[in-house]
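# Summary of the model geometry
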Number of protein chains: 2
Amino acid sequence: MSLSLAIVGATGAVGREILRVLEERSVPVARLRLFASEKSAGARVPFRGEEIAVETIRDGAFRGLDAVLLSAGATTSRRVVPQIVREGSLAIDNSSAFREDPNVPLVVPEINGRRAAEHRGTIANPNCTAAILLMAIAPLHRAARARRIAVASYQAVSGKGARAMDECVRQTREVLDGKRAVPEVFPRPIAFNVLPLVDELTPDGRTREEIKVENESRRILEDPELRVDATCVRVPVLRCHSEAVSVGFDRPVSLDEARSLWAQAPGVQLVGDPPASGVPTPLDAEGRDPVLIGRLRASAVFDGGLSFFCVGDQLRKGAALNAVQILEAVAPAAAKERR
Amino acid sequence: MSLSLAIVGATGAVGREILRVLEERSVPVARLRLFASEKSAGARVPFRGEEIAVETIRDGAFRGLDAVLLSAGATTSRRVVPQIVREGSLAIDNSSAFREDPNVPLVVPEINGRRAAEHRGTIANPNCTAAILLMAIAPLHRAARARRIAVASYQAVSGKGARAMDECVRQTREVLDGKRAVPEVFPRPIAFNVLPLVDELTPDGRTREEIKVENESRRILEDPELRVDATCVRVPVLRCHSEAVSVGFDRPVSLDEARSLWAQAPGVQLVGDPPASGVPTPLDAEGRDPVLIGRLRASAVFDGGLSFFCVGDQLRKGAALNAVQILEAVAPAAAKERR
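Residues numbered from 1 in each chain as written. Chains lettered and ligands numbered in written order. Predicted model: local features only at pLDDT ≥ 70, side-chain atom pairs only at ≥ 80, totals over all residues. Heavy atoms only, no water.

## A word on the interface of chain B and chain A
How we decide: Contacts: residue pairs with any heavy atoms within 4.5 Å of one another. Throughout, buried area stands for the accessible area (probe radius 1.4 Å) lost by two parts on being put together, summed over both. Whenever a carboxyl oxygen of Asp or Glu lies within 4 Å of a side-chain nitrogen of Lys or Arg, that contact is scored as a salt bridge. Think of a polar contact as two N or O atoms within 3.5 Å of one another; within protein, one of them needs to be a possible hydrogen donor and the other a possible acceptor, and neighboring residues in sequence only count if both atoms come from side chains. Numbered from the N terminus, helices here are DSSP runs of H or I no shorter than four residues, and strands are runs of E no shorter than two.
Across the boundary between the two partners, chain B contributes 60 residues, which contact 60 residues of chain A. Carbon and sulfur atoms make up 59% of the area that chain B and chain A hide from each other, which totals about 4,800 Å². Arg295 of chain B is the salt-bridge partner of Glu210 of chain A, the closest N and O atoms lying 2.5 Å from each other. Here chain B and chain A share 34 residue pairs in polar contact (both at pLDDT 80 or more) between them. If you list the elements that add at least two residues to the side of chain B that touches chain A, you get strand E8 (146-154), helix H5 (162-176), strand E9 (227-231), strand E10 (241-249), helix H8 (282-285), strand E12 (291-298) and strand E13 (306-312) of chain B.

Here you go:
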């Protein structure tokens, strides 16, 4: 089996990471087309020793492809996904555009991978903060049903794309040079600061990012009664999202039970446990696939509950890796259908 | 009334801030002695247009003084506070050394200021993260009794002193220059990273900082049943601690009631409310007295509870300002006693 693929948003932070993950995982790619906006068209991007020219999207661009991985924002996805479906390819979309659509499976392969096969041409990739949180929660949820989750995030600037990373570095230099940090991508300075504002505020006081984490948790864990209280905060970290989590269950879960559940779960790794041996930080998770979990202890606010800290590379498990894992799960069927 | 004072740890981050706060608040200081370790002795520190020589502590150093403000760590406080008391002065201690001593009041003047008068020679200043949290919680607690608090912190490097600030700046330059960040003060790199480790880990998985926040909250709010779940995290911010808080009460508290309680409370300021008008960040709180509160919304995990984000300058309300406020509350009595 060999796949004909395309990436929309190929020159962005997630697009470049998708190329890296395809290479690393030796995904059998027969043909790869790369799409981006006008200003990146004509650029040449290396992939497996070759150079691929970046194109703009025209009619028929997706004909004859098995799957298209999109990471170019919700507006682009809303416009392009219908074309992909119409032209007979599978859309694996990293934006928020279709995540609440009941006809579009929202998939983290390790958690609800079986839902991917139910797709009708489109599969949604979850919000990165939700994906990292749920990788840690799902093994516990399956055993003891999580009822309440309080989570505060420490989100890297790359979650907002390559320009946001550049802005963080530029502002940091400005501050070190005694200048004022001038915000452009972020609404406020991010150098040596934290911003309790990821995506837009809504009238009830939550941000769209927080609403995504709350709603997507319920949808991916398939538990409409789960209550999630998220505070999403941007921090001057270039890569990897961290989350401080307290979770209450239907029944008490001991530290040892949690350790054992995580030890058996794919895609997570307990570090610094017993705690004296260390803690997981964003720098430890950079470029790595597993979500790192540490600082495990009993929760003081949820009876029989747990508190912990988890860190994941949001460009990987939160985006590129998860999208490629979805592709791997459904690609044989997609490739077969085309034949 | 005019006071004879001393500062122990006068050249540290908090010591320098105490001098600034004494100047700003026009505290009537007749005489001021500054103490620090051997290596700072002989340095001259400006105060109200004069220069004061920094001394090392000798026998009799505290005779004839009304009060001594200490901020030189718990080890120094354990050694020096008994001498201060023996030599007839009041010790206002910023370290954790005496905070759990039932004979030593632990005071945030706006919350339990009346306890200051019960001192027997020593008054303890709370942990900075606890002080900032409790400034926001106390007005709500008085009205509706807080029962459960989940808090995740975003703590500035200056909470660990001036050397930690230097390390953050140095490491940041190293990373921008393409070098590896070398940790010295912090156990791991702090530049472009977050460290879910403030103070030491203990066998139950909590850090000493988290235990301080939990225990001191109960002590200052005088509610032994209050349950606090704290995750303390160091972030690459030079100054000001931020905290993401979810709190459940004995009865439902509406957003409007919280707004009204905070509007009447001294030392706190609601910003960005309604939320669309902005959010509080560490850069907004720098050098300012009030604890800034924002991102107010209903809690999803505590019925009738609230979630919010608060930010305070931990060198001020978390340390220097609070110590000087304690001094102002008890100084008339202290000065009178001496006469």
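## Describing the relation of the copies chain B and chain A
Formally: Least squares is used to superpose the copies, and the fit set is the C-alpha atoms of residues whose pLDDT is at least 70 in both copies.
Note on the identical chains: chain B maps onto chain A by a rotation of 180 degrees and an axial translation of 0.0 Å, with an RMSD of 0.0 Å. Both copies of the chain, as the preceding transformation shows, are related through a two-fold rotation axis. Residue by residue, 100% of the interface of chain B is reproduced at the interface of chain A, so both copies engage with the same surface.

## What about the sheet that holds E12 of chain B?
All names here are of chain B. To keep it simple, the criterion reads: In this scheme, strands are said to pair when DSSP sees at least two bridges between them. Between N-to-C directions, angles cover 0 to 180 degrees, with each direction set by a line fitted to C-alpha atoms, over the stretch in contact for helices.
With mixed pairing, the 6 strands of this open sheet are ordered in space as E9-E8-E10-E13-E12-E11. Two strands close off the open sheet at either side, each with one partner strand: E9 and strand E11 (268-270). Averaged over neighbouring strand pairs, the angle between their axes works out to 25 degrees when direction is ignored. Bridge analysis of E10 against E13 gives 7 bridges, and the strand direction is antiparallel. Each residue of the ladder has a partner; that of Ser246, found in E13, is Ser307.

## Describing the pairing of strand E5 (residues 67-70) of chain A
All names here are of chain A. The test is simple: Three labels apply to residues, based on accessible area from a 1.4 Å probe with only protein chains included: buried if under 20% of the type maximum, exposed if over 50%, partly exposed otherwise in between.
Alternating residues of E5 divide into Ala67 and Leu69 and Val68 and Leu70, and every residue in both groups is buried. Here 4 bridges tie strand E1 (residues 3-8) to E5, and the two strands are oriented parallel to one another. Of the residues in E5, the one forming a bridge with Leu5 is Ala67. Relative to strand E6 (residues 90-93), E5 runs parallel, the two being bridged by 4 bridges. Directly across from Leu69, in E6, lies its bridge partner Ile92.

## Here we look at the packing of helix H4 (residues 128-144) of chain A against helix H7 (residues 255-264) of chain A
Residues and elements named next belong to chain A. Put simply, the test is: When describing relative orientation, an angle under 35 degrees is termed roughly parallel and one over 145 degrees roughly antiparallel, while 65 to 115 degrees is termed roughly perpendicular and anything else oblique. Rotating anticlockwise by less than a right angle from the far helix to the near helix defines a left-handed crossing, while the corresponding clockwise rotation defines a right-handed one.
Two elements in contact, H4 and H7, have axes separated by 9 Å at closest approach and are oriented at 115 degrees. The orientation of H4 relative to H7 falls into the category roughly perpendicular. The crossing of H4 and H7 is right-handed. Only Glu257, Ala258, Leu261 and Trp262 of H7 make contact with H4, whose side of the interface consists of Ala136, Pro139, Leu140 and Ala143.

## Quick word on the confidence of the model for chain A
Quick reminder of the rule: pLDDT runs from 0 to 100 and stands for how confident the predictor is about each residue.
Scored by pLDDT, chain A has a mean of 95; 97% of the residues are at 70 or more. Scoring the predicted complex yields pTM 0.96 and, for the interface, ipTM 0.95.

## Notes on unusual backbone geometry
Of note, Arg295 of chain A is a non-glycine position whose phi angle comes to about 55 degrees, a positive value. Relative to the elements of secondary structure, Arg295 of chain A occurs in strand E12 (residues 291-298). We classify Arg295 of chain A as buried; its relative accessible area is 1%. Notably, Cys240 of chain B is not glycine yet its phi reads approximately 95 degrees, a positive angle. By the secondary structure assignment, Cys240 of chain B is in the loop between E9 and E10. The exposure class of Cys240 of chain B is buried, given its relative accessible area of 0%.

## What to know about the sheet that holds strand E4 (residues 50-55) of chain B
Residues and elements named next belong to chain B. Reading across the sheet, the 7 strands line up as E3-E4-E2-E1-E5-E6-E7 and stay open at both edges, with mixed pairing between neighbours. Looking at strand neighbours, the two that pair on one side only are strand E3 (44-47) and strand E7 (122-124), the edges of this open sheet. Adjacent strand axes in the sheet meet at a mean angle of 25 degrees, parallel and antiparallel pairs treated alike. Bridging between strand E1 (residues 3-8) and strand E2 (residues 29-35) involves 6 bridges; their strand directions are parallel. Residue Leu5 lies in a different strand from E2, and its bridge partner there is Leu32. The strands that helix H1 (residues 13-24) touches are E1, E2, E3 and strand E5 (67-70); relative to E1, the one it contacts most, it runs at about 155 degrees.

## Description of the pattern of salt bridges
The tally for this structure, following the rule as stated, stands at 64 salt bridges over all chains. One salt bridge in this structure joins Glu118 of chain B and Arg115 of chain B, with 2.7 Å as the shortest N-O distance. The partly exposed category is assigned to Arg115 of chain B, whose relative accessible area is 26%. One salt-bridge network, held together by shared partners, links Glu17, Arg20, Glu24, Arg25, Arg239, Asp289, Asp313, Arg316 and Glu328 of chain A.

## Quick look at the side chain of Arg33 of chain B
All names here are of chain B. Relative to the elements of secondary structure, Arg33 occurs in strand E2. A distance of 3.0 Å separates the side chain of Arg33 from the backbone oxygen of Ala61, its partner in a polar contact. When residues no more than four places from it in sequence are discounted, the contact partners of Arg33 are Leu5, Ala6, Ile7, Glu55 and Ala61.

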